[in-house]
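So the chains spell out like this:
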Amino acid sequence: MTGAPFGSSVDLTETQETTMRQVTYSMGCTLDGYIVGPDGGFDWSVPDEEVFAQHLHDLRGTSVHLLGRRLHETMLYWESDGPELDPAEREWGRMWRALPKVVFSTTLTEVTGSNTRLAMGGLAEEINRLRAESDEGEIAIGGADLAAEAAELDLIDEYRPFVHPVLVGGGRPYLPGLQRQVPLELVSSRVFGSGVIASRYRVVR
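Let me sum up the structure you'll find in this document. Here the structure is a predicted model, which means the values were calculated and not measured.

Reading the values: the criteria
- Numbering of residues starts from 1 in every chain and runs along the sequence as written.
- Residue-level local features of this predicted model are given only where pLDDT is at least 70; pairs of side-chain atoms are given and counted only at 80 or more, and the full residue set underlies all totals for whole chains, interfaces and linings.
- Here the side-chain values reflect all heavy atoms present in the structure, with hydrogen atoms and water set aside.
- Helix and strand definitions follow DSSP, with helices as H or I runs of at least four residues and strands as E runs of at least two, each counted in order from the N terminus.
- Think of a polar contact as two N or O atoms within 3.5 Å of one another; within protein, one of them needs to be a possible hydrogen donor and the other a possible acceptor, and neighboring residues in sequence only count if both atoms come from side chains.
- The span you would expect from a helix comes to 1.5 Å times its residue count less one.
- Type-normalised accessible area, obtained with a 1.4 Å probe on protein chains alone, sets the label of each residue: buried when under 20%, exposed when over 50%, and partly exposed for intermediate values.
- Throughout, a residue-residue contact means that at least one pair of heavy atoms, one from each residue, lies within 4.5 Å.
- A side-chain nitrogen of Lys or Arg and a carboxyl oxygen of Asp or Glu constitute a salt bridge if their distance falls within 4 Å.
- Stacked, tilted and edge-to-face are the three classes assigned to paired rings of Phe, Tyr and Trp, where Trp is represented by its six-membered ring and a pair needs centres within 6.5 Å; plane angles under 30 degrees give stacked, over 60 edge-to-face, the rest tilted.

### Describing the side chain of Ser199
Part 1 of the argument: In this structure, Ser199 sits in strand β11 (residues 197-203).
Part 2 of the argument: In terms of polar contacts, Ser199 uses its side chain to reach the side chain of Ser189, at 3.2 Å.

So, in structure tokens, the structure goes:
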């Protein structure tokens, strides 16, 4: 299975040349803006085949992934290919294990997982180092708290929410505790058969 290009419903003309690695933040969230519900559950975010294909497509454009501790521990699921996985999920697992990953944590002293290391410095320092190393591929951020820190520091270039057609009434927000206004412009949007809406918003600077 291969992913379709993002934005098949609406695709706006690119108006800005990118000369360095983009930092992107992509997470599934509810219509009322939460990545997990008040009970910590996120069963509503399990992607169907069509949405999963988009995630595969997006992962192919990623050259390094930055994660908080919670997401790192969740993604350890992909360290092996269980018999329950279908071919697309096996492809995701292979790609995830091959992808360089950097974990930010104040409690962990070491991390497990393929091609995974602890951050050597602060978030801005790490992103600047990665940008200096190469201009190939995107730097993806995963985890709401880490993304909120990056947003406060104006380090995110593009936000990519996958909005699911559900309301949960509370939980962990897509960007918890953001203290500033960030102007955005819509780059593209796609509506899936399941009702999920995936959008790309570029930060206006």
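### Some thoughts on helix α1 (residues 49-60)
Part 1 of the argument: The end-to-end C-alpha distance of α1, which contains 12 residues, comes to 17 Å, matching closely the 16 Å that a straight helix rising 1.5 Å per residue would cover.
Part 2 of the argument: Residues Val51, Phe52, Ala53, Gln54, Leu56, Asp58 and Leu59 constitute the buried set of α1.
Part 3 of the argument: The inward-facing, buried residues of α1 abut β4 (62-68), α3 (87-98), β8 (158-164) and β10 (184-191).
Part 4 of the argument: For α1, the N-terminal cap is Asp48; the gap from its side-chain oxygen to the backbone nitrogen of Glu50 is 3.2 Å.

### Here's the deal with the pattern of salt bridges
Part 1 of the argument: Counted by the stated rule, this structure contains 17 salt bridges.
Part 2 of the argument: The partner of Arg97 in a salt bridge is Asp81, and the shortest N-O contact between them spans 3.3 Å. Note that Arg97 is positioned in helix α3 and Asp81 in the loop between α2 (69-75) and α3, a separation of 16 residues in sequence.
Part 3 of the argument: On the basis of relative accessible area, Asp81 is assigned to the partly exposed category, the value being 32%.
Part 4 of the argument: In the salt-bridge network here, residues are joined through shared partners; they are Arg131, Asp154, Asp157, Arg180 and Arg205.

### Some thoughts on the packing of aromatic side chains
Two aromatic rings are characterised by how far apart their centres lie and by the angle between their planes.
Part 1 of the argument: Per the counting criterion, the structure on display carries eight aromatic pairs.
Part 2 of the argument: Judged by centre distance (5.9 Å) and plane angle (50°), the rings of Phe52 and Trp92 are tilted. Here Phe52, found in helix α1, pairs with Trp92, found in helix α3; they are 40 residues apart in sequence, far enough to count as distant. A single burial state applies to Phe52 and to Trp92, both of which are buried.
Part 3 of the argument: Seen in terms of ring centroids, Phe162 and Phe192 are 6.5 Å apart; in terms of plane orientation they differ by 20°. Their pairing is stacked. Of this pair, Phe162 sits in strand β8 while Phe192 is found in the loop between β10 and β11, placing the two residues 30 residues apart along the sequence. You'll find Phe162 and Phe192 in the same group, each marked buried.

These results come straight from atomic positions and should not be treated as a statement about function.
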